[in-house]
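Spelled out from the first residue to the last, the chains are:
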Amino acid sequence: MKKEYTNIQIFLDDIHDQLSVKDIILDMGLIEKKDMKGDFTNCIFHDGNNTPNLQIKDNFWKCYACGAKGDLINFIQI
């Protein structure tokens, strides 16, 4: 049965409940699991950085070097 949304926030909440940012990034092959050090890896948004400063959790990501951050939707937009 198709679910209809009348509120964008409810739609986004459902996406966040069903999809993990970390799982999607790993499944897309953007980051290899072997490159992850816990929840951290090298930032893919800027070059020349060999320090694992991109934190990827279930519902958000944040780079502590360049300041990029967001949720799954923001990550896909970039």
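Residues numbered from 1 in each chain as written. Predicted model: local features only at pLDDT ≥ 70, side-chain atom pairs only at ≥ 80, totals over all residues. Heavy atoms only, no water.

Chemist: Requested: an account of the sheet that holds strand E1 (residues 40–42), with residues and values cited.
Modeler: Taken in spatial order, the four strands line up as E1-E2-E3-E4 in an open sheet, and their pairing is antiparallel. Single-partner strands in this sheet number two, and they are E1 and strand E4 (69–70). Examined bridge by bridge, E1 and strand E2 (residues 52–56) share three bridges and lie antiparallel to one another. Looking across to E2, one finds that Asn42 is bridged to Pro52. (Pairing = 2+ DSSP bridges. Helix = DSSP H or I, 4+ residues; strand = E, 2+ residues; numbered from the N terminus.)

Chemist: Any chance you could break down the pairing of E2 for me, citing the residues and the numbers?
Modeler: In terms of burial, E2 is a largely internal element, four of the five residues being buried. Pairing of E2 with strand E3 (residues 61–63) involves three bridges; the strand directions are antiparallel. Bridge assignment links Gln55 to a residue of E3, and that residue is Lys62. Here E2 folds back onto E3 in antiparallel fashion, the turn holding four residues. (Buried < 20%, exposed > 50% of the residue type's maximum accessible area, 1.4 Å probe, protein only.)

Chemist: Summarise helix H2 (residues 21–28); cite the residues concerned and give the values.
Modeler: Every α-helix carries 3.6 residues per turn, so stepping three or four residues along brings you back to the same face. Those residues of H2 lying buried are Val21, Lys22 and Ile25. One face of H2 carries all of its buried residues, which in axial projection span an arc of 100°. Directly beyond the C-terminal end of H2, a positive phi value near 80° is found at Gly29. (Arc of directions from axis to C-beta.)

Chemist: Explain the pattern of salt bridges to me, and be specific about the residues and the numbers.
Modeler: Tallied over the entire structure, the rule returns three salt bridges. Across the pair Asp39 and Lys57 runs a salt bridge, and its minimum N-O distance is 2.9 Å. Within this pair, whereas Asp39 is found in the loop between H2 and E1, its partner Lys57 is found in the loop between E2 and E3, the two being separated by 18 residues in sequence. The class of Asp39 is partly exposed, set by a relative accessible area of 23%. Beyond isolated ion pairs, a larger network of salt bridges with shared partners links Lys22, Asp39 and Lys57. (Salt bridge = Lys/Arg side-chain N within 4 Å of Asp/Glu carboxyl O.)

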